[in-house]
Amino acid sequence: MELQLALDLVNIPEAKELVKEVEEYVDIVEIGTPVIINEGLRAVKEIKQEFPHLKVLADLKIMDAAAYEVMKASEAGADIITILGVAEDLSIKGAVEEAKKQGKKILVDMIGVKNLEERAKEVDEFGVDYICVHTGYDLQAVGKNSLEDLATIKRVVKNAKTAIAGGIKLNTLPEVIKAKPDLIIVGGGITGQEDKRAVAAEMKKMIQQGE
Ligand SMILES: O=C([C@H](O)CO)[C@H](O)[C@H](O)COP(=O)(O)O
């Protein structure tokens, strides 16, 4: 099980400071969609340059022009690029093809997918690397989480790794670990805490013990 730090509500200098604090305990650094909107792919480039030993995920949440956007994120240094599960089949296949050419990986974010079981089976067949269930900020605000969805995709996904994101905190991490995703994505559960390093260290320890 890997731990991904999601950086969403920071600028580039703040992102660098944050990664410095917790780098020992995370496997992947996500440059979140809001950061890319504010700072562009320069954020991906600068984080990869400063922390070459960490994998960097560009959370582009691609919906169209997939091959082109995967190429651009790859050029900026991203190791993993996200596309939406609700995108067209052709777009997801195009993203996978381009990622393979570039030696990169594709994570499909299933946010907003209504027919989760059926769509997870389909995108799994396209050769994507990760399939991620995700409760976005707007549904977190009304008390939702993705544990049930994780169980659903774990039942049907045969090839890709499974991932979970959305509102995971230290106190909810044990039930997430019990569900055994391959990748756990945590944003505010680390970045919103006073002692980020201590929380990240504790999370990493819990994940290792749960393996
Ligand atoms: O993808 C995300 C969200 O859509 C904003 O871009 C977050 O990175 C993801 O939800 C993880 O962050 P937390 O919910 O704060 O753990």
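This structure is a prediction, so every number in the text was calculated from the model and none was measured.

As a further point, take the packing of helix α1 (residues 12–22) against helix α3 (residues 42–50). Between α1 and α3, the shortest axis-to-axis distance is 10 Å and the interhelical angle comes to 35°. Judged by the sense of rotation from one axis to the other, the crossing of α1 with α3 is right-handed. Contacts between α1 and α3 involve I12, A15, K16, V19 and K20 on the former and, on the latter, R42, A43, E46, I47 and E50. Its residues assigned to classes, the contact of α1 with α3 comprises five nonpolar, no polar and five charged.

All chains considered together, the criterion is met by 17 salt bridges. Between E46 and K16 there is a salt bridge; the shortest N-O distance is 2.7 Å. Taken together, the residues span a long stretch of sequence, with E46 in helix α3 and K16 in helix α1 at a distance of 30 residues. On the accessibility criterion, E46 (21% relative accessible area) is partly exposed. The shortest N-O distance in the salt bridge between R197 and E24 comes to 2.7 Å. Here E24 lies in the loop between α1 and β2 (28–31) and R197 lies in helix α11 (residues 196–209), a separation of 173 residues in the sequence. The network of salt bridges with shared partners includes K16, E17, K20, E39, R42, E46 and E50.

Turning our attention to the pairing of strand β6 (residues 130–134). The element β6 is extensively covered by neighbouring structure, given that four of its five residues are classed as buried. Alignment of strand β5 (residues 105–109) against β6, held across three bridges, turns out to be parallel. Residue pairing across strands places V108 opposite I131, the latter belonging to β6. Assessed by its sense of winding, the connection that carries the chain from β5 through helix α6 (residues 116–125) to β6 is right-handed. Here five bridges tie β6 to strand β7 (residues 161–165), and the two strands are oriented parallel to one another. By the bridge assignment for β7, V133 is matched with I164.

This paragraph deals with helix α4 (residues 66–76). Along an α-helix, a turn takes 3.6 residues, which lines up residues three or four apart on a common side. Every buried residue of α4 is accounted for by A66, V70, A73, S74 and A76. For α4, the angular spread of buried residues about the axis comes to 160°, placing them on one side. α4 presents Y68 and E75 as exposed residues on the side facing more than 90 degrees away from its buried surface. Lining the buried residues of α4 we find α3, β3 (55–62), β4 (80–84), α5 (89–102) and β5.

Under the UniProt annotation, "domain: Orotidine 5'-phosphate decarboxylase" (unreviewed entry) lies at residues 2–203. The span residues 2–203 is 47% helical and 21% strand by assignment, and the distance between its end C-alpha atoms comes to 11 Å.

As for its position among the elements, I62 is in strand β3. Overall, I62 belongs to the buried group, its relative accessible area being 1%. Along the chain, I62 and G85 lie 23 residues apart, while their C-alpha atoms are 9.3 Å from each other. I62 has contacts with E69, V70, I81, T82, I83, L84 and A87, leaving out every residue within four places of it along the chain.

Our focus in this paragraph is the side chain of E2. In this structure, E2 sits in strand β1 (residues 2–7). Classification of E2 as buried rests on a relative accessible area of 18%. Polar side-chain contacts of E2 include one of 2.9 Å to the side chain of K55. With residues near it in sequence (within four places) discarded, E2 still touches D27, I28, K55, Y130, D182, L183 and I184.

Definitions and limits used
- Here the residue numbers are simple positions, counted from 1 along each chain's written sequence.
- In keeping with the model being predicted, local features are shown solely for residues with a pLDDT of at least 70 and side-chain atom pairs are shown and tallied solely at 80 or more, while totals for entire chains, interfaces and linings include all residues.
- Calculation of side-chain values draws on the structure's entire complement of heavy atoms; hydrogens and water are dropped beforehand.
- Fitted lines through C-alpha atoms serve as axes, helices being fitted only where they are in contact, and the angles separating the N-to-C directions of these axes extend from 0 to 180 degrees.
- Runs of E in the DSSP output that reach at least two residues are strands. Runs of H or I that reach at least four are helices, and both are numbered from the N terminus.
- Note: crossing handedness is left-handed where the near helix turns anticlockwise from the far helix by less than a right angle, and right-handed where it turns clockwise.
- By definition in these notes, contact holds between two residues if any of their heavy atoms fall within 4.5 Å.
- Each residue is assigned to one class: nonpolar for Ala, Val, Leu, Ile, Met, Phe, Trp, Tyr, Cys and Pro, charged for Asp, Glu, Lys and Arg, and polar for all the others, Gly among them.
- What counts as a salt bridge is simple: a side-chain nitrogen of Lys or Arg found within 4 Å of a carboxyl oxygen of Asp or Glu.
- Whether a residue is buried, partly exposed or exposed follows from its accessible area with a 1.4 Å probe, protein chains only, as a fraction of its type maximum: under 20%, in between, or over 50%, in that order.
- For two strands to count as paired, DSSP must find a minimum of two bridges between them.
- Crossover handedness is defined by viewing with both strands directed away from the observer: a clockwise path from the first strand over the helix to the second marks the crossover as right-handed.
- Directions from the helix axis toward the C-beta atoms define the arc.
- UniProt positions are given in the numbering used here, feature names are shortened, and annotations may be inferred rather than shown by experiment.
- N or O atoms within 3.5 Å of each other form a polar contact, as long as, within protein, one can give a hydrogen and the other can take it, and as long as residues adjacent in sequence are counted only when both atoms are side-chain atoms.

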